[in-house]
Amino acid sequence: MERRGGDFGQRGVRNAGGPLLRWPSHDDPVRLLTLADTPAQRQLKYLIVPLCLMYAIGALLGWGNPTLSLAMGDFGLAAAAAVAAISCLFKSIHERGRARLSWALFAFSATMVSFGNGIWGWYEVFLGVPVPTPGPTDVIFLLFAPPTIVGLLLVAQRPRGIAAWTCMALDGWLIAGSLFTLGWSLALARNTSGDRSDVLKIVLTLAYPVLDILMISMVLGLRFRAETGDRAALNLTLIGLAVTVMSDALWTTPGLNSGYRSGGLLDAGWFAGSLLLAIAPWMGEGVTEHDRPRHRTISMLSALTPYIAAAVCTAGVLGGAVAGHAPDRVVLAVGATVLVALVLRQGITLVDNVFMAQELSAKESHFRSLVQGSSDVIMIAAGDGVLQYVSHAVRPVYGFEPEELVGTRLELLIHPEESARVQRELRAFLDGAGPGEAHAGMVRVECRIRSAGGTWLHTESAVNRYGDGLIFNSRDVTDRIKLQTQLEHDAFHDRLTDLPNRALFEDRIQHALAQRRGVTPTIAVLFLDLDGFKAVNDNYGHTAGDELLVQAARRLEHAVRIGDTVARFGGDEFAALLVGDPSPRAIREIAERLLATLSSPYRIADGEVRVAASIGIAFSAPGIAPADLMRHADAAMYRAKDGGKGRVEVYTPDMDADVERRAARAAGRRRVDRDGRLGIAYQPVVDLDTGRVRHVEATLCTIEDGTVPGRADHVRLTAGVDGRLSPVGRRLLEESTLAAATWRAAGHDIGVTVGLAARQLTGSGFLDVLEETLRGADLSPAALTLEITDNVLPDGDELLLGRIAVLRRLGVRLSLDDFGTGHSSLTYLRRLPVDALKIDRSFVAEVGTCPHLTVLTSTIVRLGLDSGLTLVAAGIDNHAQVDILREMGCQQGQGTWFHPAVSGDAIFDVLGQTSPGNSAVRGPRPEPIPETRAALPVQVPRPHL
């Protein structure tokens, strides 16, 4: 607080310096004071009010005696200013940049007030003499306002552009000129009309009020910006300065000035201003914008403050003229400049508004074109969740007209099961507590949205703040979700029977064992194998065998109890997990019932067939692993087969010896493989439109019966222990490339496809073997297609990508086998630069009969075509499948409908039926294959196989 000199008597002048989507505003330039509710802030809030009340009551009662009144009026104000100085100094230490310097200047100003009041008290209380004026107190008090003004300028929002700077200067003069005019009219003219010989006293008389006017003009006219945590601190500082200047304004009133005494009631205003400045630095912590309501009225008043001041000034001047008072030249001069500034300010505002309107119109047209041309649905929701705007893309995506949705609540479109979750995610995003992208100003929300037809569409939305609401950028991802769900389902279910596969079955065993850990009752695992199933395949074909497997799966599902699990491991192998704490006797009865169910006749397309079943049972024991439990059930099942089939056996430890004997026999079979007991089978891959043979697929087969190993066995036979190409795999590669070179030499423009595991491509020496094989057969690399037969990327996938790049530079083609099965198909398509995809036979078998698999197969074909790949359908066995696949866009296919796989030299009989240059085994409209095929004379030379 200040005591000011001049000729206002010997005392001088005292002065110093809910709904769904609701969140608070971020851009109000002026905020009401809102104290946070942290414990420290509550203590400060509860302390300042009693102190101010006690000081006001003491001043009102005169403090009991004149000496105490003088002391409280002098040293009390000095102490309050000193506390404010220390508080602002500590605040500056913890700040950075301009805010640090601003708080340091506030601390300096408060220090000057404390020194000034202390010196004033020394003269008045201790020396008992009037304070000399002009004197040292005047110099100290004059140093209060300039640092405060500079500090306010540092935290003020800086204008952008010349027009903004000009408007700020005009606003400042509108406020300052108006206040100066009023102050001159009320006080300054009276006080300067006396003795004008003492120039210094006149300057001091004018300096104090002018600085006050300048400071209040800045508080009212400038817009201040602070970080969220410091906004309350800055607001409270401005309030403290306003209280101080208001006390000065009251002091300038002649009536109050003439009756003023030290320690009086007016000192309570300066005391409160210092205390507000003292606690202001500690109000920032704990205050966030989300804790404050919006104050549009205050923002509007802040913008209108310069005009209100000019109106008050004009009214004061006109009022004096109407009352008959002689006009003061100073008042007229300053008032005229205020009016000129007001006209200029309004003119600049009008011109600026015109340019802003034009710019806004151009931007609005630009962004409207972008929004309306986007295929994504763009929606804007207000704070209460009501949709204010919906783009035209809503018609093709959701089937609504934009006008139908505008005005409705967003939550009514969201699926009821997901509405609460979506609201929680949006609130977390608005509160800044959401994960990941929420902190970057955007969050992704996935939910189901109701379409106009009543169906629920899976959508993915990018959500951003937009004014007082939220903007949603949504797209329909229903097809992607269905494909992803189907692929995830296929990864853990058998394609033919839709039963759980081995991976899911083992996971459920693990879960069942974990639930029963430490509990005496056990669980049981049953392994089932159909006896005589191979004869059904041989006599009736694979289609009839698949039909039998589906019927067997349905019988098993109906025969077990609720809560039990039935799975298919492949081929004719099934398994069952029995839970519910069954007794061994009950489990045996269930197994006998399953045996009888599976042995009942099966009705297939060509008649009625019978198969038997062998079942092995294993019971859990404490600490047993799922793999061991499954191995025990497998051993019991083999014991049932060895005992005559059609039996049920329970695992006993002595069965482990049988497992060892079977392992020894398997090792013997592998030795036979190494000794050359394996041959090579070939199957044509034809063009679905013309029937021309495009490739011939080479696979391993047994010499005795010509059967082709399954994919897993094929990979095992061609790969060594360390993943390198085995001798059998090398033989397959060498003989198939030699055969292809022979076909091409005879005029058949066809290539050969060889299936290898992905890990074999990364094996050491593979490229050398491949190049040596191609040179030895004199075969173009473009005629060789390497088909990746496993569906799990090796650990060194970067090495695989590099090896594939080398193969492509060499000219060798690459293909993915069994696409659509397993969880890694999409990963392969995204990461591996292949040339062709082979659609798994489980998809092809159901094309045209199962609508779901037909749609899924069509999706896979479109996915491959969009990627520029050649599609090959495996397992085609009727002309209806050919027609459907051709309509989907699939280019090539193979299967028994064109020709089954044949061993060794028989492929030359197949190609011998065709002429060179037109190797066609089926035309574009195939007819049924006769039961017997006439082997025509071989027309091409045959390599030694």
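Before any of the text, the structure's been laid out above.
Computed from a predicted model, the values in this text were never measured in an experiment.

Visitor: Which parts of the structure should I look at to understand the sheet that holds strand 12 (residues 648–650)?
Guide: Two pairing modes exist for strands in a sheet, parallel and antiparallel, and in both the strands are linked by backbone hydrogen bonds. With mixed pairing, 5 strands are arranged side by side in an open sheet as 7-8-6-11-12. Since the sheet does not close on itself, it has two edges, and those belong to strand 7 (565–570) and strand 12, each with one partner. Put simply, the sheet's adjacent strands are angled 20° from each other on average, direction ignored. In terms of strand pairing, strand 11 (residues 612–619) meets strand 12 through 3 bridges, oriented parallel. Bridge pairing in strand 12 places isoleucine 617 opposite valine 650.

Visitor: What exactly am I supposed to notice about the pattern of salt bridges here?
Guide: Charged atoms that come close allow side chains of opposite charge to pair. In the structure shown here, the tally under the stated rule is 32 salt bridges. A salt bridge links arginine 568 to aspartate 494; the nearest nitrogen and oxygen atoms lie 2.9 Å apart. Of the two residues, arginine 568 sits in strand 7 while aspartate 494 sits in the loop between helix 16 (478–491) and helix 17 (502–515), which places them 74 residues apart along the sequence. Here arginine 568 and aspartate 494 have matching classes, each one buried.

Visitor: Please explain the side chain of histidine 493 as it appears in this structure.
Guide: Checked against the element boundaries, histidine 493 lands in the loop between helix 16 and helix 17. Under the relative-accessibility criterion, histidine 493 is labelled buried at 18%. Residues within four places of histidine 493 in sequence aside, it is in contact with Asp498, Leu499, Pro500, Asn501 and Leu504.

Visitor: Any chance you could explain the sheet that holds strand 2 (residues 387–390) here in plain terms?
Guide: With respect to topology, 5 strands assemble into an open sheet ordered 2-1-5-4-3, the strand pairing being antiparallel. Taken across any chain shown, the strands that pair with only one partner, and hence form the sheet edges, are strand 2 and strand 3 (442–450). Ignoring which end each strand starts from, the neighbouring axes of this sheet average 25° apart. By the bridge criterion, 3 bridges tie strand 1 (residues 377–381) to strand 2 in an arrangement that is antiparallel.

Visitor: I tried to follow the nonpolar core on my own but got confused; where do I start?
Guide: Residues Trp743, Leu770, Leu784, Leu786, Ile876 and Leu885 are the most contacted members of the largest nonpolar core, which totals 69 residues. Among the nonpolar cores identified, the runner-up in size contains 34 residues, and Leu526, Ala576, Ile587 and Ile617 belong to it.

Visitor: I would appreciate a short explanation of the pairing of strand 19 (residues 870–873) in the present structure.
Guide: As a general feature of sheets, a regular strand has side chains that alternate between the two faces. Relative to strand 19, strand 18 (residues 836–839) runs parallel, the two sharing 4 bridges. Of the residues in strand 19, the one forming a bridge with lysine 838 is valine 872. Taking the sense of rotation as the criterion, the β-α-β connection linking strand 19, helix 31 (residues 879–888) and strand 20 (residues 892–893) turns out right-handed.

Visitor: Looking at this structure, I do not really get a nonpolar patch on the surface. What am I missing?
Guide: Side chains of Val49, Leu53, Ile57, Leu60, Leu61 and Leu265 sit close together on the surface and give an oily, nonpolar patch of about 630 Å² of accessible area. Mapped onto the elements, leucine 53 comes out in helix 1 (residues 39–60).

Visitor: I tried to follow the side chain of aspartate 494 on my own but got confused; where do I start?
Guide: Residue class for aspartate 494 comes out buried when judged on its relative accessible area of 13%. Those residues in contact with aspartate 494 that sit more than four places away from it in its chain are Leu499, Pro500, Asn501 and Arg568.

Visitor: How should I be thinking about the environment of leucine 275 in this particular structure?
Guide: Here leucine 275 shows up in helix 10 (residues 267–279). Accessibility expressed as a relative area gives 11% for leucine 275, which makes it buried. Along the chain, leucine 275 and glycine 240 lie 35 residues apart, while their C-alpha atoms are 7.8 Å from each other. Excluding residues within four positions of it along the chain, leucine 275 makes contact with Ile48, Leu51 and Cys52.

Visitor: Even after reading the chapter, I still don't get the packing of aromatic side chains, so can you show me in this structure?
Guide: In this description, an aromatic ring pair is defined by two values, namely the gap between the centres and the angle between the planes. As enumerated under the stated definition, the model contains 5 aromatic pairs in all. Aromatic pair tyrosine 682 and tryptophan 743: ring centres 5.6 Å apart, planes at 80°, arrangement edge-to-face. One end of the pair, tyrosine 682, is in strand 13 (residues 678–687); the other, tryptophan 743, is in helix 24 (residues 727–745), with 61 residues separating them in the sequence. In this structure, tyrosine 682 and tryptophan 743 share a single accessibility class: buried. Chaining the aromatic ring pairs together yields one cluster made of Phe505, Phe527 and Phe569. Directly above the ring of phenylalanine 429 sits arginine 465, whose terminal nitrogen or CZ lies 4.8 Å from the centroid.

Visitor: Could you clarify how one ought to interpret unusual backbone geometry in this entry?
Guide: A negative phi angle is the norm for most residues apart from glycine, just as the trans form is the norm for most peptide bonds. Positive phi values are uncommon outside glycine, yet aspartate 498 reaches one of about 65°. Phi is positive for aspartate 778, which is not a glycine, with a value near 55°. Mapped onto the fold, aspartate 778 is located in the loop between helix 26 (766–777) and strand 16 (784–788).

Visitor: Where do I start with helix 2 (residues 66–93) in this structure?
Guide: Given 3.6 residues to a turn, an α-helix orients residues that are three or four positions apart in the same direction. Between its first and last C-alpha atoms helix 2 spans 41 Å; for 28 residues at 1.5 Å apiece the expected length is 40 Å, and the two agree. Of all the bends in helix 2, the largest measures some 30° and sits at methionine 72.

Visitor: Looking at this structure, how should I read the environment of leucine 678?
Guide: In this structure, leucine 678 sits in strand 13. Linking leucine 678 and leucine 732, residues 54 residues apart in sequence, is a C-alpha distance of 9.7 Å.

Conventions and cut-offs
Residues numbered from 1 in each chain as written. Predicted model: local features only at pLDDT ≥ 70, side-chain atom pairs only at ≥ 80, totals over all residues. Heavy atoms only, no water. Pairing = 2+ DSSP bridges. Helix = DSSP H or I, 4+ residues; strand = E, 2+ residues; numbered from the N terminus. Axes fitted to C-alpha atoms, helices over the stretch in contact; angles between N-to-C directions. Salt bridge = Lys/Arg side-chain N within 4 Å of Asp/Glu carboxyl O. Buried < 20%, exposed > 50% of the residue type's maximum accessible area, 1.4 Å probe, protein only. Contact = heavy atoms within 4.5 Å. Core = buried A, V, L, I, M, F, W, Y, C linked by side-chain atoms within 4.5 Å. Right-handed = clockwise from strand over helix to strand, strands pointing away. Patch = residues over 30% accessible without salt bridge, like charges linked within 9 Å, V, L, I, M, F, W, Y side chains within 5 Å. Areas by Shrake-Rupley, 256 points an atom, 1.4 Å probe, with all protein chains shown as cover. Phe/Tyr/Trp six-rings, centres within 6.5 Å; stacked < 30°, edge-to-face > 60°. Lys NZ or Arg CZ within 6 Å of the ring centre and 35° of its normal. Expected span 1.5 Å × (residues − 1). Bend = angle between axes of the 7 residues up to and from the residue.

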